[in-house]
Amino acid sequence: MKTVTIKQLEIGVGAPKIIVPIVGKTQAELIEEVQFLQSIDFDVLEWRVDHFNQVDDIQAVKQVAKKIVDLLPNKPLLFTFRTINEGGVKPWALSSYIQLNKEMACSGLVDLIDVEVFIGDDYVKDIIDVAHKNQVFVIASNHDFEKTPPKNDIVNRLRKMQDLGADIPKIAVMPKTTDDVLTLLAATTEMNEKYAIKPIITMSMAGLGAISRIAGSTFGSAMTFGAAKNASAPGQLDVNQLRYILEALHQNNKLTQ
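- The name that an unreviewed UniProt entry assigns to the protein chain is 3-dehydroquinate dehydratase, with the source organism given as Gilliamella bombicola.
- Per UniProt, the comment on the protein chain under Catalytic activity (unreviewed entry) is "3-dehydroquinate = 3-dehydroshikimate + H2O".
- If you open the UniProt record of the protein chain and go to Subunit (unreviewed entry), you find "Homodimer."

**Things to note about the environment of Asp114**
- Positionally, Asp114 belongs in strand 6 (residues 112-116).
- Considered as a pair, Asp114 and Asp57 are 57 residues apart in the sequence and their alpha carbons are 19 Å apart.
- In this view, Asp114 contacts Leu78, Phe79, Thr80, Arg82, Tyr97, Asn101, Ile139, Ser141 and Lys170; residues no more than four positions away in its chain are not counted.
- There is a polar contact of 3.0 Å between the side chain of Asp114 and the side chain of Arg82.
- Of note is the side chain of Asp114, whose polar atom sits 2.8 Å from the side chain of Ser141.

**Quick notes on unusual backbone geometry**
- Positioned with a positive phi, Lys7 is a non-glycine residue whose angle comes to about 50 degrees.
- In this fold, Lys7 is placed in the loop between strand 1 (4-6) and strand 2 (9-11).
- Taking relative accessible area as the criterion, Lys7 reaches 35% and is therefore assigned partly exposed.
- Notably, Gln135 is not glycine yet its phi reads approximately 60 degrees, a positive angle.
- Inspection of the secondary structure assignment puts Gln135 in the loop between helix 4 (121-133) and strand 7 (137-144).

Calculation rules
- Residues numbered from 1 in each chain as written.
- Predicted model: local features only at pLDDT ≥ 70, side-chain atom pairs only at ≥ 80, totals over all residues.
- Heavy atoms only, no water.
- UniProt positions renumbered as here; feature names shortened; annotations may be inferred.
- Helix = DSSP H or I, 4+ residues; strand = E, 2+ residues; numbered from the N terminus.
- Contact = heavy atoms within 4.5 Å.
- Polar contact = N/O pair within 3.5 Å; in protein donor to acceptor, adjacent residues only side chain to side chain.
- Buried < 20%, exposed > 50% of the residue type's maximum accessible area, 1.4 Å probe, protein only.

Dropping the structure here:
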């Protein structure tokens, strides 16, 4: 599997890397979150900009992004507008979604952007092309808050993201039973061992799926999400506990190989 290196962070080797989201509604709330994170051990900062009450003002978005980068200059910044269809908080026109992601990809302020894979293949490829021309990496994503699809469906979605040119495919699904969690983990293993040419991110959400957030070293998910001040999705573990568990599991896996 190829790795992805962003600001000297190599994704796809070692223990899974930890992404921590910020979800402030105002500039002041966001800056407070980022300042808090200056003393926290994590790898990538995700700005869930759909929570931001000035998201329709691109200059305000860029101003906040600049302040975030100034406060955490060594952390890769992942820019994410999560649509309401996939767990976001704000209705948003597709044209605005595309424009926002393109503008931020060209801004020189973000290192990665999240692009939802089912907005349409041509739109996805267009955003990815713009991002790559500006040396910005792309996480292609899909979130199913209703169910866990069959294993083959999960694998095919991840392969589709990879085929469209994403640097890191990501899927999050909702379990109803422990078998659903096993389905997600089995799909992760199959994708990782048979098809992946890039790092992948997979997770089973809510408390039932928590094991999937810490089992990346075993099953092949290269990144996971942890909560510091605020969680952005159900089932996110405390970032400090998460780091300890991930490192312990990774060291144990190395000993048993």
